[in-house]
Amino acid sequence: MSKFWSKIVHQLTPYVPGEQPKINNLVKLNTNENPYGPSPKVLEALQKEAADTLRLYPDPNSDALKKAIAEYHGLSVNQVFVGNGSDEVLAHTFNALLKHDLPILFPDVTYSFYPVYCGLYEINFETVALSNAFEIQVDDYLKPNGGIIFPNPNAPTGRVLLLSEIERLLKANQDSVVIIDEAYIDFGGESAVKLVNQYPQLLVVHTLSKSRSLAGLRVGYAVGHPDLIDALHRVKDSFNSYPLDRFAQAGAIAAMQDKAYFDKTRQQVISTREKLVSELQGMGFEVLPSGANFIFARHPAHEGEALANQLRAKNIVIRHFKKPAKIAQFLRITIGTDIECQALVEALKSMV
Ligand SMILES: Cc1ncc(COP(=O)(O)O)c(C=O)c1O
């Protein structure tokens, strides 16, 4: 606290990211990173960028990257916006598209950065309760609003909303923006990207941090109607002309173009997830159906926090959320390699 702070700073409750422990030999299943490294083609592209050209600014518009993303999704370049991680894309989205008179809507259990952006940009919001089975129910969003945002699959539940339900929401909600945060869509569920040409109020946000193994490079993007993209550019160019450096642009292009590697690694994560789910169910855990690279599970006889602490003592890190109370018993477990997940299972066997 300081008298030098701007007024808004006193009111902020910043987001707290999952821990990045500075200890070797941990089984790290806490921040939904990919257990496999990026495509070898990405590493090659990064090495090429380590050159004299680093003295020059990068392309402020990331044109070549936008082209690679547009080609991947079968869209036009003017339907693509890129940013420094999807967190930055989301921040600009809140500022550019979600600040209106009516409150915006998002689930009561969801990505906990959303209320933080609302605090930063002074946006009113209302949370909408998930069902008892932790599902998003479209009917509950059919009311006046300043915009709607949720992840699909949702985080931290992993539950998928059917594309037909998203389309039902879009049909009923044409006067405010609907943002679908598809950080985890490549691990399950059907992408809403295929609806952006039909619905001018739809913006879909993706990240290269999860299914393309590039959390360390910080690249995310949004696709939607050119008018929505234009709003994001106006905010970005009033904030930072060069959010993506030369490495990020080159690495992200290579990642978007190496579809074979992307498919191989995401299939591996999906197959490990299915094995882990059945092992945990065999031990009495209730596991929510997941379309993500993590699962959300609870054991009826054990507190989530206690299990998380015991795992930590065995050098296994998973994520436990104290709030809201209805998820306090759950553990969010990122899907690692088969070996990492087996280590988790063995450790849990001695605890439950
Ligand atoms: C739902 C959701 N959206 C967005 C992000 C941000 O990802 P990044 O900023 O790494 O692109 C995350 C990260 O965990 C997430 O869980």
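For the structure, check the block above.
Throughout this description, residue numbers start from 1 for each chain and increase along the sequence as written. For this predicted model, a pLDDT threshold of at least 70 governs which residues receive local features, and a threshold of 80 or more governs which side-chain atom pairs are given and counted, while totals over whole chains, interfaces and linings are taken from all residues. Side-chain measures here rest on the full set of heavy atoms in the structure, leaving out hydrogens and waters.

## Things to note about unusual backbone geometry
Heads up, the condition is: In this text, helices come from DSSP runs of H or I with a minimum length of four residues, and strands from runs of E with a minimum of two, each type numbered from the N-terminal end.
Here the amide bond leading from asparagine 152 into proline 153 is cis, since omega sits at -5°, within 30 degrees of zero. The topology assignment puts proline 153 in the loop between β5 (148–151) and α6 (163–172). Cis peptide bonds are those with omega within 30 degrees of zero, and the linkage from lysine 323 to proline 324 qualifies with -10°. As for its position among the elements, proline 324 is in the loop between β11 (316–317) and β12 (331–334). Of note in the backbone geometry, phenylalanine 134 takes a positive phi value of approximately 65° without being a glycine. Of note in this structure, asparagine 315 is not a glycine but carries a positive phi near 65°. Tracing the backbone shows asparagine 315 in the loop between α10 (304–313) and β11.

## A few points about the site of the ligand
Rules: The rule for a residue being near a molecule or strand is that one of its heavy atoms must lie within 4 Å of it. Side-chain atoms alone can form a polar contact between residues adjacent in sequence; in general such a contact is a pair of N or O atoms within 3.5 Å, and within protein one must be able to donate a hydrogen while the other accepts it. Surface accessibility follows the Shrake-Rupley procedure with a 1.4 Å probe radius. Residue values consider only the protein chains on display as shielding. Under the convention adopted here, Pro, Cys and the residues Ala, Val, Leu, Ile, Met, Phe, Trp and Tyr are nonpolar, Asp, Glu, Lys and Arg are charged, and Gly plus all remaining residues are polar.
Within the structure, the ligand sits among 13 residues, and Ser86, Asp181, Tyr184, Thr207 and Ser209 are positioned closest to it. Aspartate 87 is positioned with one of its backbone polar atoms (N or O) 3.0 Å from an oxygen atom of the ligand. In the environment of the ligand, an oxygen atom lies 2.6 Å from a nitrogen or oxygen atom belonging to the side chain of tyrosine 184. In the complex, 92% of the free accessible area of the ligand, which totals 400 Å², lies under the protein chains. With 4 residues, helix α4 (residues 85–97) is the single largest residue contributor to the shell around the ligand. Considered class by class, the residues forming the shell around the ligand number 5 nonpolar, 4 polar and 4 charged.

## Things to note about a nonpolar patch on the surface
Counted only if it meets this: Residues qualify for a patch when their relative accessible area is over 30% and they have no salt bridge, like charges being joined within 9 Å and the nonpolar side chains of Val, Leu, Ile, Met, Phe, Trp and Tyr within 5 Å. By definition here, a salt bridge exists when the distance from a side-chain nitrogen of Lys or Arg to a carboxyl oxygen of Asp or Glu is within 4 Å.
A cluster of nonpolar residues, Met1, Trp5, Val9, Leu12 and Leu120, forms a patch on the protein surface that exposes about 490 Å² of accessible area. In this structure, leucine 120 sits in helix α5 (residues 113–121).

## Here's the deal with the nonpolar core
Operational definition: Put simply, buried Ala, Val, Leu, Ile, Met, Phe, Trp, Tyr and Cys residues joined by side-chain atoms within 4.5 Å make one nonpolar core. Only protein chains enter the area calculation, which uses a 1.4 Å probe; residues under 20% of their type maximum are buried, those over 50% are exposed, and those in between are partly exposed. Residue contacts follow a heavy-atom distance rule, with two residues in contact if any of their heavy atoms lie within 4.5 Å.
Ranked by internal contacts, the top residues of the largest apolar core, which has 52 residues, are Leu65, Ile69, Leu202, Leu208, Val219 and Val223. Ranked by residue count, the leading element in this core is helix α8 (residues 246–257), at 6 residues. Residues in contact with leucine 202, not counting those within four places in the same chain, are Leu170, Val178, Ile180, Ala192, Leu195, Val196, Val223, Gly224, His225 and Leu228.

## Focus: the environment of threonine 53
Structurally, the position occupied by threonine 53 is in the loop between α2 (40–49) and α3 (63–73). Judged by relative accessible area, threonine 53 falls into the partly exposed class, the value being 33%.

## Things to note about the sheet that holds strand β10 (residues 294–298)
Test applied: Paired strands, as defined in this entry, are two strands with at least two bridges between them according to DSSP. Lines fitted to C-alpha atoms define the axes here, with helix axes fitted over just the stretch in contact, and angles between the N-to-C directions of these axes take values from 0 to 180 degrees.
Strands sit in the order β9-β10-β12 across an open sheet of 3 strands; the sheet is antiparallel. Every other strand in the sheet has two partners, leaving β9 (286–287) and β12 as the edge strands with one partner each. Where β9 and β10 come together, 2 bridges link them in antiparallel fashion. Bridge pairing links valine 287 to alanine 297 in β10. Sheet strands touched by helix α9 (residues 259–282): β9, β10 and β12. Its angle to β10, the strand with the most contacts, is close to 5°.

## A closer look at α4
Here is the rule: A helix is expected to span 1.5 Å for every residue after the first.
The first and last C-alpha atoms of α4 sit 18 Å apart over 13 residues, in line with the 18 Å expected at 1.5 Å per residue. Counting buried residues in α4 gives 10 out of 13 residues, a clear majority hidden from the surface. Within α4 the residues assigned to the buried category are Gly85, Ser86, Glu88, Val89, Leu90, Ala91, His92, Thr93, Phe94 and Leu97.

Geometry only, nothing functional implied.
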